[in-house]
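# Structure assessment
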Amino acid sequence: MTYKEQPEQGEAEPAPPNEPALTALSLYPDEWALFLDIDGTLLDLAETPEAITVPPALPFVLETLSRRLGGALALVTGRAVAFVDPLFTPFHFSVAGLHGAERRDAAGRLRRALIPPAFQEMKRMIAREIEAWPGVLVEDKGAAVAVHYRLAPEREADVAEMMQRYLQEAGPDWILQHGKLVVEICPAHASKGHAVEAFLNEPPFNGRRPLAIGDDVTDETMFAVANRLGGQSVRIGPPKGKTLARASIPSPGRLREILAALAK
Ligand SMILES: O=P(O)(O)OC[C@H]1O[C@H](O[C@H]2O[C@H](CO)[C@@H](O)[C@H](O)[C@H]2O)[C@H](O)[C@@H](O)[C@@H]1O
Ligand SMILES: [Mg+2]
């Protein structure tokens, strides 16, 4: 890895990585696979799901890292797969969406989650019910639905009760997923850990050690898989609650700096 001795005028030089888990990746790129969460990890959290911004350099940094890792880089997110490509245009990374319920592998094959007609109707009913709660937002993600209360935190208990009620109606094929000021109903088979394992059973991920980076409870299953398979797990953000992650990085901005330095 080489660094320019002097930054160009007006150009910020990315700080070299000092996180051992990530340094290993640059020293032994043939041995590691990188699994990255999106919201709160690669991207700063925003007030609403649509208000996120992608720093222009980030897609190119990820593409460079992916090439260096022989393609063994995947995004593992609660977003729908269809939402992800436009964020990182012009690149199409391997991606697991809806917390692992859908997945596009490195060969471009997409495994979708089914959307039963009754689930479509349930999403409409949820959207109607939250009309009474200003600031509460519904995010239709196809085979999952998220209700956000970041703009109306006083509605936390109402949202939790409503989603629990719809979950009972939806039956055993669905689960509740709590996140940052959000409650979601997802297919019961959704698991970021399973998605990471599925990638690791296929080229170009197979035979590599997983490095999983995330910020939220839904990332804990991929931390567990990474730890079990001799890899590394990194949590973004200040220490809060229990986590299986073995290392931490203070913010998405700092992670982006480290990734940019690794891609140099
Ligand atoms: O697994 P991730 O990639 O981290 O996705 C988790 C959820 O992220 C999004 O919601 C969160 O980010 C929003 C934008 O910053 C924020 O407004 C919201 O409060 C957060 O909960 C996304 O909207 C969800 O669909 C994802 O499941
Ligand atoms: Mg996240």
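Residues numbered from 1 in each chain as written. Chains lettered and ligands numbered in written order. Predicted model: local features only at pLDDT ≥ 70, side-chain atom pairs only at ≥ 80, totals over all residues. Heavy atoms only, no water.

## A few points about the domain arrangement of the protein chain
Put simply, the rule reads: Per the annotation, domain bounds derive from an automatic or database assignment of domains. Residue contacts follow a heavy-atom distance rule, with two residues in contact if any of their heavy atoms lie within 4.5 Å. Buried area: the sum, over both parts, of the accessible surface (1.4 Å probe) that disappears when the two are put together. Within this document, salt bridges are pairs made up of a side-chain nitrogen of Lys or Arg and a carboxyl oxygen of Asp or Glu, the two lying within 4 Å of each other. Each polar contact in these results corresponds to two N or O atoms within 3.5 Å; when the atoms are within protein, one needs to be able to donate a hydrogen and the other to accept it, and residues that are neighboring in sequence are counted only if both atoms are side-chain atoms. When residue character is reported, Ala, Val, Leu, Ile, Met, Phe, Trp, Tyr, Cys and Pro are called nonpolar, Asp, Glu, Lys and Arg charged, and the others, Gly included, polar.
Domain assignment breaks the protein chain into domain 1 (19-113 + 190-263) and domain 2 (117-187). Between the C-alpha centres of domain 1 and domain 2 the distance comes to 25 Å. Facing the 17 residues of domain 1 at the interface are 16 residues of domain 2. Between domain 1 and domain 2, roughly 1,300 Å² of surface is buried when both sides are summed, and carbon and sulfur atoms account for 61% of that area. Counting across the interface, domain 1 meets domain 2 through two salt bridges. Where Asp215 meets Lys180, a salt bridge forms, and the shortest distance between an N and an O atom there is 2.6 Å. Our enumeration of links across domain 1 and domain 2 arrives at six residue pairs in polar contact (both at pLDDT 80 or more). Taken together, the residues that form the side of domain 1 that touches domain 2 break down as nine nonpolar, four polar and four charged.

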